[in-house]
Amino acid sequence: MLIMPLNLAFALPDKFDKDLLVFTRIFMLMLTFLLSVSTAHTVHAQEKIGVLAVSIGTVKIINEEGVRRGKKGDLIYRNDVITTGGKSRAQVLLLDQTAINISQKAELTLNAFVYGGENDNIGVKVTKGTFRFISGKIATNKPENVNVETPVATIGVRGTEFLGSVNLDNSVVALLNGKISVANDLSEELVEIPGYGVNIDPTGNISPPSRLPTAELDKLLNAVSTRKETLDEEDSDEEDSDEEESDEEESDEEESDEEESDEEESDEEESDEEESDE
């Protein structure tokens, strides 16, 4: 608000009063906009829930502010979506020490996270790829409040570590430690023995728990492994990763060409103006 001495305010011309009123209204609108933007960023910052602890290859973080490359150490916020390209890995470490690893060509959404109060809870969703979930303090204290959702079933965590793979033809959930419940609208299965798991077909049928073959279990573990030799052995998705990088390079080149074109047009306009002046 603009405050003026009383003896000057009434002595100003009418035109100045109108100009001052318009300026004040514009200033207040700008201030309101800046405050709303600042508040939005503050709210977003208050919802930070963890950090990107591992980023190998093409990792992207998607949220309401857009899409950005994920780098090791980036803060993670509630409702962030983490995606990986070919020959890529990511690990999200939440504030309660829960760790979630995802494979190449995976997608992880961090739907819910509350920690440090009476209503502690974790809710994440994996829509594709392979993942490894290692529970933290929330699962230790309130295991019933930790759930991992997939397109075919929801996994209830009971203070545990497990693997999951989401595929169109067959999805697998395998227990490494603790207990898990795998459920959907059709049925529910409790897995209590490490090395055992369930298969879920496209219609949602969940198989009874059974011991997974060693080769299948190793395949799941390798899918989320960050070892260089394991990544080097992955083949089919390397081209996809190269294509993504190529697309980004082409986009950068197009932007550069547009900037050069604008500069050339500006130079031509200036040259025309000089000739006109002469």
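Everything quoted here is computed from the prediction, not taken from an experiment.

Conventions we followed
Going along each chain's sequence as written, the residues are numbered from 1 onward. For this predicted model, a pLDDT threshold of at least 70 governs which residues receive local features, and a threshold of 80 or more governs which side-chain atom pairs are given and counted, while totals over whole chains, interfaces and linings are taken from all residues. Hydrogens and waters are ignored; side-chain quantities use all the structure's heavy atoms. To qualify as a helix, a DSSP run of H or I must reach at least 4 residues; to qualify as a strand, a run of E must reach at least 2; elements of each kind are numbered from the N terminus. Accessibility here uses a 1.4 Å probe with only protein chains present; expressed as a share of the type maximum, an area under 20% marks a residue as buried, one over 50% as exposed, and anything in between as partly exposed. The contact definition used throughout considers only heavy atoms, calling two residues in contact when any of these lie within 4.5 Å. Here the open area of atoms and residues is found with the Shrake-Rupley method and a 1.4 Å probe, where only the protein chains shown may cover a residue. Any two rings among Phe, Tyr and Trp, with Trp reduced to its six-membered ring, count as a pair given centres within 6.5 Å; such a pair is stacked if its planes are under 30 degrees apart, edge-to-face if over 60, and tilted if neither. Within this scheme, the nonpolar core is defined by two criteria: the residues are buried Ala, Val, Leu, Ile, Met, Phe, Trp, Tyr or Cys, and they are joined through side-chain atoms within 4.5 Å. Per-residue confidence from the predictor is given as pLDDT, running between 0 and 100. For this analysis, a salt bridge means a side-chain nitrogen from Lys or Arg found within 4 Å of a carboxyl oxygen belonging to Asp or Glu.

Counting its secondary structure elements, the chain contains six helices and 17 strands. Split into buried and exposed, the 278 residues of the chain put 33% on the buried side. By sequence separation, contacts in the chain at least 24 residues apart represent 47% of the contacts at least 6 residues apart. Summing over all exposed atoms, the chain offers an accessible surface of approximately 16,800 Å²; the carbon and sulfur share of this is 51%.

Taken as a whole and judged by the stated rule, the model has three aromatic pairs. Between phenylalanine 113 and tyrosine 115 the ring centres are 6.2 Å apart and the planes differ by 45°, which places this aromatic pair in the tilted class. On the basis of relative accessibility, which here comes to 9%, the residue phenylalanine 113 falls in the buried class. For tyrosine 115, a relative accessible area of 37% gives the class partly exposed. A ring pair is formed by phenylalanine 133 and phenylalanine 162, whose centres lie 5.4 Å apart and whose planes are at 20°; its orientation type is stacked. Within this pair, whereas phenylalanine 133 is found in strand S9 (residues 121-134), its partner phenylalanine 162 is found in strand S12 (residues 161-166), the two being separated by 29 residues in sequence.

Core analysis: the biggest nonpolar cluster contains 38 residues, and Ile82, Leu108, Leu110, Val148 and Phe162 have the highest contact counts within it. Of all the elements, S9 adds the most residues to this core, at five residues. Beyond its immediate stretch of four places on either side in the chain, valine 148 contacts Val124, Val126, Phe131, Phe133, Ala153, Thr154, Ile155, Val157 and Phe162.

Let us look at the confidence of the model for the chain. Residue-level pLDDT values for the chain average 79, and 68% of them are 70 or greater. Confidence drops under a pLDDT of 50 for residues 1-24, and excluding neighbours within four residues, the segment shows five contacts in the predicted structure. Note that residues 237-255 has pLDDT below 50 and, in this model, 14 contacts with residues that lie over four places away or in other chains.

Below, the discussion takes up the pattern of salt bridges. This structure, assessed with the given rule, holds six salt bridges. Residues aspartate 74 and lysine 71 are paired through a salt bridge, measuring 3.9 Å at the closest nitrogen-oxygen approach. What makes aspartate 74 buried here is its relative accessible area of 13%. As a salt-bridge pair, arginine 132 and glutamate 161 come within 2.4 Å of each other at their nearest N and O atoms. Here the residue arginine 132 occupies a position in strand S9, and glutamate 161 occupies one in strand S12, the gap between them amounting to 29 residues.

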